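Structure assessment
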Amino acid sequence: MIKTESQVPHKITLTLLVSISGLLFLQFPLALISPYGSEMGDKVHSFEFFTSSACALLSLSYLVLYPPKNKKIQIFLVSSFLLICLSSYLNGSQLLPSLHLFSYFICPIALCSAFKQSPRFPLWIPLCFLVIINTFTCFFFNQKVGIHGNQNWLSAVIASSSIYLSAYTIALLKKADSKNRKLILSLTIIFILSICILILYKTQTRALIPAFAFFIFYFLLCRFPKQRLQLCFLSLLSFFALFFTFQDKLQRLSLKDIRLPLLKDTAKMISDAPILGHGPGQFITKFSNYPSDELNIRLDSAPIYEHPHNEIFHMASQGGIPLTLLFLALLILILFTSLKEKRFSLPLGLCLILFTLGLLDKTLHHGASLLLFFIFLAQSIKEFIAIKQTSSRSIKKWQFLLAFALLTGFLFPLSQKTLASWHFKKADDHSHTAEPEKLQQALYHLQKAHELDPQEISYAYHCARLEIHLGKLHEAWNKLEPIVNSYPYYNMTLHEQGKLFEKLAYQQNDEASRKHVLKQAYISYESSCLNRSWDLKRYPTIISLSQKYFPESEQKYKTLALERLREKQHYRDQYHTKTSILLNHYLQACENNNDHEIKQTLQTLINGFKLPKDPHWQKFYLDSLK
């Protein structure tokens, strides 16, 4: 009876975590609810942030009731907690992003404790659910949502789940008595592996090759402990042989890919705050000061960088190098123990697959793969680190009160942030139109999102943009001014500030006031062009304003715009894209005087260079290339 009572809270914890994981598994198909599925496909991954924060909150409350009796784990948790608190306090980070970063440390420990108390928990049920949902996503919803940019996390989820389910089925097969049961289990394995192969063929993820290579290498080290030196030598030999064999292809791939310049710029960011980082949740805003022209030109637009495509660099940029080393120490300790005991662990191998993919892409940035990483890491900790459990009889009243206070205290801001995200999604649904009524509805939802989460820059920024469009300039300025003062490089904030000043200037009655405000608009446009000089869409505004009020600067910015166009063409040719070929096709079509061909090649060329939508400025840029 006592055993049953002590297991109840652990089973409740696992049930809650699996329920929360349902949101993670469904997050990508949830994009289909929106009529703009292709545009909402990326934004739906914001569920990952709220769900990981909820998991961290539940894990924190659980560990208050059942603290782990292991000094290494206690030091691990306390040190990570203090480092994150200090980084959050000094950098002015919000509560929920800090909780999200802490989830990397606390969720595996809490899950490990719960798994120890409930060893028969049917983990295969949520994993089967995960495989089925993502299979439908890949094959049936692909046309609506799109799979571009999501191959790595989708492949990681399917591959790791399929391997685990296949191993689980084989273990059951060994215990099977009847031939019918063996047949059913064999068909199950074939079905699971078929799904895995089909999805991997559909996604064609190159990043899985080094991930599986690392998995196999770990298996061989455990399986053949006496030949480890030879295995390491053969691995290095194979690596260099493959590198020199595919050197040209790797060089072409690296020239087009954004990861190397992105990691270089992130390294500069980390070097500015190596001890405590820039604060949890601050990468998206602080990194806007660091992108190099090499990175920006490869992307051909003005993106908002949300992740450096490497989980270690992402953690170091937010929480600092000591926090990152602390996280790596846990992984290395488990791996070292496994190799020392000469015991292969499937959960650890799958954890290494997900972690390797997290080093090559933002795989762990997505909810389903992040939760799988937590689950497999927890099972690895359970296998190789001895953690004594606290008895339910020894729980004191203050622990219950603290756990309850944590749950109730964190749930309100979490629900506020989730509701704000819902309003932002609804605003996006109504903003793809010119109808005044729908634009007013979009403005209402943006204002509600900003009220619920005033610290979220994107809500304030998009709300200010729409208010400028609708002529509510005073309200727009109140939202835009704090962003400009704090994050002048954020997206197109300076450009929007220039538009705001220009509209305000035309409302002034006297000439002196109008010129003064126009000068402020000119300064904003100038700063916008200088800070994002590779963005060809920014120059027309300052050139148009110069033609009317500042003629002495007109030629200067025309020359600068055309220089950047030629520089952009040079970069694109260097990185083996087809801009020069597209230009030749357009010029050939002009010589042939084929209207249909001219129109088609012109549109392709405009998209390749990311030129403004105005035909006048398209002609301005393209005429300089003839």
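Residues numbered from 1 in each chain as written. Predicted model: local features only at pLDDT ≥ 70, side-chain atom pairs only at ≥ 80, totals over all residues. Heavy atoms only, no water.

**A word on the packing of aromatic side chains**
Each aromatic ring pair is characterised by the separation of its centres together with the angle its planes make. Applying the stated criterion to the full structure yields 18 aromatic pairs. Note on Y522 and Y557: the rings are 6.4 Å apart at their centroids and 85 degrees apart in plane angle, and the pair reads as edge-to-face. One end of the pair, Y522, is in helix α25 (residues 511-531); the other, Y557, is in helix α27 (residues 554-574), with 35 residues separating them in the sequence. Owing to a relative accessible area of 5%, Y522 belongs among the buried residues under this scheme. (Phe/Tyr/Trp six-rings, centres within 6.5 Å; stacked < 30°, edge-to-face > 60°. Helix = DSSP H or I, 4+ residues; strand = E, 2+ residues; numbered from the N terminus. Buried < 20%, exposed > 50% of the residue type's maximum accessible area, 1.4 Å probe, protein only.)

**Let's talk about the nonpolar core**
By size, the foremost hydrophobic cluster in this structure holds 82 residues, and its most contacted members are F105, F373 and I381. Considering each element in turn, this core owes the most residues, 14 residues, to helix α5 (residues 95-117). Ignoring anything within four residues of it in the chain, the contact list for F105 reads F76, L77, S80, I84, M315, L323, L326 and F327. Among the nonpolar cores identified, the runner-up in size contains 31 residues, and Y525, I542, L622 and L625 belong to it. (Core = buried A, V, L, I, M, F, W, Y, C linked by side-chain atoms within 4.5 Å. Contact = heavy atoms within 4.5 Å.)

**A short note on the packing of helix α21 (residues 436-452) against helix α22 (residues 457-469)**
Remark: α21 packs on α22, axes separated minimally by 9 Å, with the N-to-C direction vectors making an angle of 150 degrees. The pairing of α21 with α22 is recorded here as roughly antiparallel in orientation. Like other packed secondary-structure pairs, α21 and α22 cross with a definite hand, here left-handed. Touching L439, A442, L443, L446, Q447, A449 and H450 of α21 are Y459, A460, H462, C463, L466, E467 and H469, all from α22. Split into classes, the residues belonging to the contact of α21 with α22 amount to nine nonpolar, four polar and one charged. (Axes fitted to C-alpha atoms, helices over the stretch in contact; angles between N-to-C directions. Parallel < 35°, antiparallel > 145°, perpendicular 65-115°, else oblique. Left-handed = near helix turned anticlockwise from the far one by under 90°. Nonpolar A, V, L, I, M, F, W, Y, C, P; charged D, E, K, R; others polar.)

**So, unusual backbone geometry**
Although it is not a glycine, H309 adopts a positive phi angle of roughly 65 degrees. Inspection of the secondary structure assignment puts H309 in the loop between α15 (293-299) and α16 (311-319). A relative accessible area of 13% means that H309 is categorised as buried. Within the chain, K342 stands out as a residue other than glycine whose phi angle is a positive 55 degrees. Summarising the element assignment, K342 is placed in the loop between α17 (321-340) and α18 (346-360). Residue class for K342 comes out exposed when judged on its relative accessible area of 53%.

**Details of the pattern of salt bridges**
A complete count under the given rule lists eight salt bridges for this structure. Note that K479 and E467 form a salt bridge whose closest N and O atoms lie 3.1 Å from each other. Of this pair, K479 sits in helix α23 (residues 473-486) while E467 sits in helix α22; the two residues are twelve residues apart in sequence, bridging distant segments of the chain. The pair formed by K479 and E467 is uniform in burial state, with each residue classed as buried. Close ionic contact of E511 with R514 constitutes a salt bridge, the shortest N to O distance being 2.6 Å. Linking E511 with R514, this pair stays in helix α25, spanning three residues, or about one helical turn. Residue R514 is classed as buried on the basis of its relative accessible area, which comes to 18%. (Salt bridge = Lys/Arg side-chain N within 4 Å of Asp/Glu carboxyl O.)

**What to know about the layout of surface pockets**
The rolling of a water-molecule-sized probe over the atoms marks out the regions of remaining empty space. Considering only enclosed or pocket space, the second largest pocket measures out at about 470 Å³ in volume. The wall of the second largest pocket is formed by 17 residues, among which P119, F121, Y164, Y168 and Q379 lie closest to the centre. If you list the elements that add at least two residues to the lining of the second largest pocket, you get α8 (151-175), α18 and α19 (367-384). No other element matches α8, which puts four residues into the lining of the second largest pocket. Broken down by class, the residue content of the lining of the second largest pocket amounts to twelve nonpolar, two polar and three charged. (1 Å grid on protein atoms, 1.4 Å probe; cavity = no way out; pocket = protein on both sides within 12 Å on 5 of 7 lines; lining within 4 Å. Points joined across faces, edges and corners; volume = space filled by probe spheres on them.)

**Here we look at the packing of helix α10 (residues 208-223) against α18**
Across the interface, α10 lies against α18 with an axial gap of 9 Å and an inter-helix angle of 150 degrees. Relative to α18, the element α10 is oriented roughly antiparallel. Once α10 is placed against α18, the crossing between them reads as right-handed. When α10 is examined against α18, the residues L208, P210, A211, F212, F214, F215 and Y218 are found in contact with a partner set consisting of L346, L348, G349, L350, L352, I353, T356, L357 and L360. Partitioned by chemical class, the residues of the contact of α10 with α18 number 14 nonpolar, two polar and no charged.

**Overview of the environment of A378**
With respect to the helices, strands and loops of the structure, A378 is situated in helix α19. For the pair formed by A378 and C112, sequence separation is 266 residues and the distance between their alpha carbons is 4.5 Å. Sequence-distant contacts of A378, that is, excluding residues within four places in its chain, are made with P108, L111, C112 and F115.

**Some points on a nonpolar patch on the surface**
Side chains of L236, F239, F240, F243 and F244 sit close together on the surface and give an oily, nonpolar patch of about 550 Å² of accessible area. Note that L236 resides in helix α11 (residues 228-245). Residue classification places L236 among the exposed positions, given a relative accessible area of 51%. (Patch = residues over 30% accessible without salt bridge, like charges linked within 9 Å, V, L, I, M, F, W, Y side chains within 5 Å. Areas by Shrake-Rupley, 256 points an atom, 1.4 Å probe, with all protein chains shown as cover.)

**What to know about the confidence of the model for the protein**
Per-residue confidence for the protein averages 76 on the pLDDT scale, and 77% of its residues sit at or above 70. Every residue in residues 24-48 is under pLDDT 50, and counting partners more than four places away or in other chains gives 71 contacts. Throughout residues 142-149 the model reports pLDDT below 50, and contacts reaching past four residues in sequence, or to other chains, amount to 19 contacts. (pLDDT = per-residue confidence, 0-100.)

**Focus on the side chain of Q318**
Inspection of the secondary structure assignment puts Q318 in helix α16. For Q318, the contacting residues outside a window of four places in its chain are S87, L101, L276, G277, H278, G279, P280, G281, Q282 and F283.

**Some points on the side chain of Q618**
Within the secondary structure, Q618 sits in helix α30 (residues 615-623). Q618 has contacts with I606, L611, P612 and K613, leaving out every residue within four places of it along the chain.

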